[in-house]
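Analysis of the macromolecular model
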Amino acid sequence: MKNIDALVLIAVFQEMLGPLLWLLLVTIALGSILFIALLFHERGLQPHRAIQSQAFGLLGGLAALGIMIYVSSSGFPDAGGPIDWLLIAVVFGVGLAGSAVLFYTLAGWISVFRRGAQRRA
Amino acid sequence: MEDISSTTAAGGKRNAEYFDRRRAIFTLGAVGVAAMARPAKAEAAGKTKTTARIVIVGAGAAGLAVASRLAAALEGARIVLIDARKGHLYQPGFTLIGAGLKPVKYVVSSTAEYVAAGVELVTEHVAEFDSDGNKVITISGTSISYDYLVVAAGLELEYGLIDGMEASLIGTMGIGSIYHSPAAAEATWRSMSTFADRGGHGIFVRPNTEIKCAGAPLKYTFITDDYLRRRKKRGNAELVYNSNNNVLFSVPIVSEKVRMLFEEREIRTNYERALKAIDPSRRIATFRSPGGTEEQGYDFIHIVPPMRAPQAVRNSPLPWQAGSWATEGWVEVDPHTLRHARYPNVFAVGDIAGVPKGKTAASVKWQVPVVVDHLVADISGQAADTFYSGYTSCPLITRLGRAMLVEFDYRNNLTPSFPGMIAPLEELWISWVMETVALKPTYLSMLRGRA
């Protein structure tokens, strides 16, 4: 039953996003793996980069809200009750977390490769 | 006509189980997407082998969804889908075109995109239903026999039953009607927008027949009110909603909520007004009213035409035999199984089915698995126990950016999918987001038999 429900959700998201769905899933999977690998490689979070990522994440959160407003033809989200504020928070939060992790991971690996190149030089 | 309340009450235990199962799925999350998602039994089981000939008349939402699910459930069956139209229209999107938010192309696609492998599409009109001879005859005279028939022939919009009205007037002389077509919905938007720039007298009607999407006439009234306010012209406008009967919505608690909102937005309401005639050059609408007839002048009018079954169905033995549903030609089916009352190998699904509150895409979503279960069970020589409770839903737009997610059943009970989270009678952005983001992909998945 749960497997079939998951299939239904995939079907609906496929209709909604088309090939973008797979690109999104691959990005999430690859980003998560690279993020965890980076944490192991650097033996923890790098505080300075983490703060920079969170600042970038704020822009990501705003972008996520902007995309939601655009695709739902909403204008500014017109919250009518607590569930609306929750939805706004979730959309903002997902955008924030996703973009922060992505920024942290990309910046981290770029830094790792640069350090490696400098050592070789 | 059957008393739906009593028959459903008799099946109370099954009804409760049905909704518990549905809610369990809803709580899996993915707001909006889950709102129409429920797996069909037929998919869970293996394919049933058969040589049965199944004819489906009509390739709209109901016909395509039935065809897709039957193709997935049966092996060896001959499934014939008959419809002359090659284009497919996502009708729930017409309101958004009429609101100026979506282009015409948002709702237009082709039938062929959704026809499942193994289903034969015959692009002809059906001219005659020979239910005693188990065959249908197409407009070209081709006779197609069947073991099982699924009637999903939709309905006809009868603008001509309003004196002086014809569809070509939509978009001219202050006349709008989002129901007719995507182009007419866009023309209606232009007329309404012009009205919203100036103000004046706006009148809204609904016909004295069964209609599809009973929320749409209300939605368009709310949307017009909102545009007038956004353009600071509400003070220059008077809006009047003319109901054909003495309520605003068939579910009493929803009707009362709409009455309160109309009062708050200063939308005047007339009850028991059925549009009889229109004089476009003088901009006068004539209504049948309890006192005889009544004339109302307008600068903008939104017309919802009378609706009835297609002529081939009306002329067949399939409709109800007495009452208004006989006059309008809706097929006489059991409200819970959608099986014909007199022809057990015939089912009707979607707009054409003579059941209360059944003319929405959400109704189709919930009717189709029941019809398929019963039809497949017949082929297997078994009995199916699934039934349709009358569940349907209407994201009732009350202003741009907000809607009420109204869900209900035959018994006029509210059946919220997210109790305690999404209040059915609250104007919420999340319900608007569902209407604009989640509904169309869920609908298209339904056509493919995947949701």
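The coordinates are above.
This one's a predicted model, so the numbers in the text were calculated from it and none came from an experiment.

Concerning the overall build of chain B
Each helix and strand in chain B was counted, giving 12 helices and 24 strands. With respect to the principal axes defined by its C-alpha atoms, chain B has extents near 65 × 50 × 40 Å. The burial tally for chain B puts 62% of its 451 residues in the buried class. A sequence separation of at least 24 residues applies to 67% of the contacts in chain B between residues at least 6 apart. Of the accessible surface of chain B, which amounts to about 16,200 Å², a share of 49% is contributed by carbon and sulfur atoms.

So, unusual backbone geometry
Its identity as a non-glycine residue notwithstanding, Met173(B) has a phi of 50°, on the positive side. Relative to the helices and strands, Met173(B) is located in the loop between strand S12 (156-157) and strand S13 (175-176).

Digging into the sheet that holds strand S17 (residues 274-279) of chain B
All names here are of chain B. Read across the sheet, 3 strands follow the order S17-S18-S19 without closing on themselves; strand pairing throughout is antiparallel. The strands lining the two open edges of the sheet, one partner per strand, are S17 and strand S19 (292-297). Between one strand axis and the next, the sheet turns through 25° on average, direction left out of account.

Some details on the pattern of salt bridges
A full pass over the atoms with the stated rule returns 26 salt bridges over all chains. One salt bridge in this structure joins Arg49(A) and Glu42(A), with 2.8 Å as the shortest N-O distance. Of the two residues, Arg49(A) and Glu42(A), neither departs from the other in class, the shared state being buried. Through salt bridges with shared partners, a single ionic network connects Glu156(B), Glu158(B), Arg308(B) and Arg314(B).

Some details on helix H4 (residues 61-73) of chain B
Residue and element names in this part refer to chain B. Taking 1.5 Å of rise per residue, 13 residues should cover 18 Å, and H4 covers 18 Å from first to last C-alpha, within 8% of that figure. For H4, the buried fraction is high: 12 of the 13 residues fall into the buried class. All buried positions along H4 are accounted for by Ala61, Ala62, Gly63, Leu64, Ala65, Val66, Ala67, Ser68, Arg69, Leu70, Ala71 and Ala73.

Observations concerning the packing of helix H7 (residues 216-230) of chain B against helix H8 (residues 252-264) of chain B
Residues and elements named next belong to chain B. The geometry of H7 relative to H8 is characterised by a closest axis approach of 12 Å and an angle of 20° between their N-to-C directions. Here H8 runs roughly parallel to H7, going by the angle between their axes. Seen along the crossing, H7 lies across H8 with a hand that is left-handed. The residues of H8 that touch H7, namely those facing Leu218, Thr221 and Phe222, are Val258, Leu261 and Phe262. Considering only residue class, the contact of H7 with H8 consists of 5 nonpolar, 1 polar and no charged.

Overview of a nonpolar patch on the surface
Residues and elements named next belong to chain A. Among the surface-exposed residues, Leu7, Ile10, Trp22, Leu24, Leu25 and Ile28 lie close enough to one another that they form a single nonpolar patch of about 570 Å² accessible area. Looking at the nonpolar patch, the elements with two or more residues in it are helix H1 (2-17) and helix H2 (20-42). For Trp22, the location among the structural elements is in helix H2. Relative accessible area serves as the criterion here: at 41%, Trp22 is assigned to the partly exposed category.

Notes on the packing of aromatic side chains
Residue and element names in this part refer to chain B. Under the defined criterion, the tally for this structure stands at 14 aromatic pairs over all chains. Between Tyr90 and Tyr443, the ring centres sit 4.9 Å apart and the planes meet at 65°, which makes this aromatic pair edge-to-face. A residue pair is termed long-range when its members are at least 10 positions apart, and Tyr90 in the loop between strand S5 (87-89) and helix H5 (94-98) and Tyr443 in helix H12 (residues 429-447) qualify at 353 residues. With respect to class, Tyr90 is no different from Tyr443; both count as buried. On the basis of an interplanar angle of 65° and a centroid distance of 6.2 Å, the ring pair of Phe204 and Phe300 is categorised as edge-to-face.

Some details on the sheet that holds strand S8 (residues 126-130) of chain B
Residues and elements named next belong to chain B. Here 3 strands make up an open sheet; going across it, the order is S8-S9-S10 and the pairing antiparallel. Each of the sheet's edge strands pairs with one partner strand only, and the pair in question is S8 and strand S10 (143-145). Within this sheet the neighbouring strands show an average axis-to-axis angle of 20°, counted without direction. Note that S8 and strand S9 (residues 135-138) share 4 bridges and pair antiparallel. Across the sheet, the residue bridging to Glu128 is Ile137, located in S9.

Remarks on the pairing of strand S15 (residues 237-242) of chain B
All names here are of chain B. Across the 6 residues of S15, 5 count as buried, placing the element largely inside the fold. Alignment of strand S14 (residues 200-205) against S15, held across 6 bridges, turns out to be parallel. Note on S15: the bridge partner recorded for His201 is Glu238. In this view, the connection linking S14 to its parallel neighbour S15 by way of H7 has right-handed handedness. Pairing of S15 with strand S16 (residues 267-270) involves 4 bridges; the strand directions are parallel. Bridged to Leu239 within S16 is Ile267. One crossover worth recording links S15 to the parallel S16 by way of H8, and it is right-handed.

Criteria and thresholds
- Residues numbered from 1 in each chain as written.
- Chains lettered and ligands numbered in written order.
- Predicted model: local features only at pLDDT ≥ 70, side-chain atom pairs only at ≥ 80, totals over all residues.
- Heavy atoms only, no water.
- Helix = DSSP H or I, 4+ residues; strand = E, 2+ residues; numbered from the N terminus.
- Buried < 20%, exposed > 50% of the residue type's maximum accessible area, 1.4 Å probe, protein only.
- Contact = heavy atoms within 4.5 Å.
- Areas by Shrake-Rupley, 256 points an atom, 1.4 Å probe, with all protein chains shown as cover.
- Pairing = 2+ DSSP bridges.
- Axes fitted to C-alpha atoms, helices over the stretch in contact; angles between N-to-C directions.
- Salt bridge = Lys/Arg side-chain N within 4 Å of Asp/Glu carboxyl O.
- Expected span 1.5 Å × (residues − 1).
- Parallel < 35°, antiparallel > 145°, perpendicular 65-115°, else oblique.
- Left-handed = near helix turned anticlockwise from the far one by under 90°.
- Nonpolar A, V, L, I, M, F, W, Y, C, P; charged D, E, K, R; others polar.
- Patch = residues over 30% accessible without salt bridge, like charges linked within 9 Å, V, L, I, M, F, W, Y side chains within 5 Å.
- Phe/Tyr/Trp six-rings, centres within 6.5 Å; stacked < 30°, edge-to-face > 60°.
- Right-handed = clockwise from strand over helix to strand, strands pointing away.

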